Structure formats: C-alpha cells, structure tokens
Amino acid sequence: MTGTLEIIQPDDWHLHLRDGAAMASVLPASARHFGRALVMPNLKPPVTTTALALAYRDRILAAAQAHSLRTGESLSDFSPLMTLYLTDATALQEIDRAVDTGVIPAVKLYPAGATTHSDSGVTDLAHCEPVLERMQQRGMVFCLHGEVTHSEVDIFDREARFIDQVLIPLRARYPALKIVLEHITTREAADFVREAAGPIAATITPQHLLYNRNSLFQGGIRPHYYCLPVLKRETHRQALLAAATSGSPRFFLGTDSAPHPQSDKESSCGCAGCYSAPVAMALYAQAFDQAGALNRLEGFASLYGPAFYGLAPNTRRLRLIRRASLVPQRFAFAEAALGGAPFAELTEDQSIVPLAAGQSIAWQVQAV
Ligand code: NCD
Ligand code: ZN
C-alpha cells in the first residue's frame, strides 16, 4: 500500500475566517494547504455589499502579508474568494458589482436564524426574486445553508425539510441558477443533488464524512463535534461518504471550518462550528482511505470545485503521507497566537480546539 499521495492543490469551497486577530491567527492553517478558499460572509455586521467584501478581502491579504513578515513563511499563493450575504434588502446592482470584481463568485443564503450570525438572513426568498434572476443571468453561484429554521421542526429534519420547501421550488423557478447546497449532512441531500436537473452541487465537510451523531455524546457532551447542520445518524454518514467518493463532479470539498474560542464552545450555550482547517486535508484523506477511494480524492478536493465555479484547477501540488500523528489538544487563538503568548498559560478565550483534538490520525500533509 502506497504511503504517499500527491494531488493537485485543493481548494476549500466553504470557509469561515472571522476577522481581526482571530482571522489572522487561523488564516495560515488554511493558506498552507488550500490554493483558494470561498470565505463566508457571516461577520458581525455581515458582508452584504461588494465594497464590504473587497475590504474584507484586503484585510485577509494584509494578514497573510503580515504573517510572512513576522514568521518568514510565505502565504502569498493563497487567494481568497469572497461571498455576499443575502438579505431581504440586497440591491440588484450589488450582483453586477460583485461579478465584475472577478473575486466574488457567490452569494450566500442564511435562512434567518439558521446558524451563527444569521439574524440578518433572508426571511423569505420571495423578497429576493429580482436578485436571483440577475444571479442566474450573470452565472453567479448561490450557496445555500440548507436548513429550515422554524423552531417546531426537529433539528435532525431541518435539511430534508429545506429540500422540499425551499430547494425544489427554487430549482423549478430558476432552472439555470448555479446552486451549491452547502455542508450536506443527509442521504436526502446527497440523493437530491446527484439527481436534480440543472447546475447544482454540494460541499461536504470532513466531520460529516467521518463522524455520526454518537460523536456528540461519547461519554458526555462533546461540544467540539457540534456544528450546523448537526451530525446525523450513521446511515446518513455512509450516504455522504458514498457521494464524496463516487467520482460525481457534483460533490466537492468545503470544510466549513468555523473557529470559535474554546470558551465559547465549552459553555452552557456552546457555539456551533468545528475548527477543522489544520487537519481537514488529513481527515479527508483518512475518510477516502477508509472507503478504499484515495484515487477519487483529487477530483473531490481539487477538480470538481473549480470546474463548477468556472475556474482552472490550481497549478501547484500537495503531498499527503500516511503517517500516524496526534492532533493537538488546542492551538493559540487570536491575539495570543500573534503575540506568541506562553502556550502553557493560555486561557480558554485565547485557545481554540481543533476537530479530532487528541485523536490519532493516519495522514499528514507534507510541508512543501
Ligand atoms: C458556522 C459558524 O460558526 O460561522 N457554524 C457552523 O456550525 N457551521 C456557521 C455555518 O456555516 O452554519
Ligand atoms: Zn459554514
């Protein structure tokens, strides 16, 4: 069995970087492994306009440059792609402005109240018809957080309900709109995306490929496995793994790495989001390896995403090696990471716990 795997450099089609020092501290982990990342707009306040998205992009590039100056490690090959946060009031002109920049390929739908910082989200897509019409014309991608938000709907049913109530009517009304159903978690979503008419794809996270909902309750409550949409039962994980490793170009990589400080995760009301950036590629390799499908990793990670977005694959390559290692229990976060605070003295609001913390994983990215 071969111990190394070399693939075209992957892209991350769903990433939360946050802002300020938090962003600067988590950015290197993504920029080391991924050529491009589609950066989510759920800041506070949200990134609702092209001007805000470009300013955010400049802050990310400035943080990459500051990192290089501080550490000597260059992140200059990393290219952030931005998203606009759709609201009931998004102006039509924002679509043209965004497309014309060439670095804002997508608009993001957060149904109001669905997840972290989604309170400005869309209450009803009927408010957005001219905007969706224009996105369809201009080939802009519509990224969907695919969950209904009504509190009476069981949390494990919210994605399947979204497909019936929102996605099927959306597909019918805008047959040529490019749709990405993000971070899918169910057999229903995998089946729908595989079969649906028109341009549609789905991203899949490492946690939804590797874990089922038992991981949330392994000997006690495990907040670092809590994200939205929440982990589902094993049959759904198997359907997602089958979709990811099927070779269908409709399924591609999006980590949904969503950093929150340890103190906000380990709380009486812990935030949703798994911080996977440092280990995501290793975890994807592990999932594909377990499925006997390492030969399908490059398509999923590096080819199908750019193809859907109408971009060329990256030109660099990434090498993975099969070598066991322990995932660190935590990393320094935000100012503490930038200032080099003594690791042993980090408080919980200066720390971030990665996905699979303390676990042994079988693959590593080899430094290039
Ligand atoms: C994300 C976050 O923290 O911003 N959380 C998550 O659980 N995935 C928001 C999101 O993508 O839903
Ligand atoms: Zn997300």
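Residues numbered from 1 in each chain as written. Chains lettered and ligands numbered in written order. Predicted model: local features only at pLDDT ≥ 70, side-chain atom pairs only at ≥ 80, totals over all residues. Heavy atoms only, no water.

Enquirer: Explanation requested: the coordination of the zinc ion (ligand 2) in the structure shown.
Expert: Metal coordination angles in their ideal form are 109.5 degrees for the four-donor tetrahedron and 90 or 180 degrees for the six-donor octahedron. With distances of 2.0 Å, the protein atoms coordinating the zinc ion (ligand 2) are H14 (NE2), H16 (NE2) and D256 (OD). What the four donor atoms of the zinc ion (ligand 2) show is an angle range of 92 to 141 degrees at the metal, which sorts the shape as irregular. One chain supplies every donor to the zinc ion (ligand 2), and in sequence these donors are spaced H-x1-H-x239-D. Here H16, found in the loop between β2 (12-15) and α1 (20-33), pairs with D256, found in the loop between β9 (251-253) and α9 (262-265); they are 240 residues apart in sequence, far enough to count as distant. Assigned by exposure class, H16 and D256 land together as buried. (Donors = N, O, S within 2.8 Å, 3.2 Å for Na, K, Ca; no water. Tetrahedral: all angles 85-135°; square planar, octahedral: opposite > 155°, others 65-115°. Helix = DSSP H or I, 4+ residues; strand = E, 2+ residues; numbered from the N terminus. Buried < 20%, exposed > 50% of the residue type's maximum accessible area, 1.4 Å probe, protein only.)

Enquirer: I tried to follow the sheet that holds strand β3 (residues 36-39) on my own but got confused; where do I start?
Expert: What holds strands together in a sheet is hydrogen bonding between their backbones, with the strands either parallel or antiparallel. Taken together, eight strands build an open sheet; the order of strands is β2-β3-β4-β5-β6-β7-β8-β9 and the sheet is parallel. At either end of the open sheet lies a strand with only one pairing partner, and these are β2 and β9. Geometrically, the sheet is characterised by an average inter-axis angle of 30 degrees between neighbouring strands, direction not taken into account. Across the sheet, helix α6 (residues 187-195) is in contact with β7 (178-181), β8 (200-204) and β9; its angle to β8 comes to roughly 145 degrees. (Pairing = 2+ DSSP bridges. Axes fitted to C-alpha atoms, helices over the stretch in contact; angles between N-to-C directions. Contact = heavy atoms within 4.5 Å.)

Enquirer: So what exactly am I meant to see when it comes to helix α5 (residues 158-173) here?
Expert: Here α5 is 16 residues long and its end C-alpha atoms lie 22 Å apart, about the 22 Å a rise of 1.5 Å per residue gives. Helix geometry: α5 is bent most strongly at D164, by close to 35 degrees. Within the sequence span of α5, burial applies to R158, E159, F162, I163, L167, L170 and R171. Buried-residue contacts for α5 involve β5 (106-109), α4 (129-138), β6 (141-144), β7, α6 and β8. (Expected span 1.5 Å × (residues − 1). Bend = angle between axes of the 7 residues up to and from the residue.)

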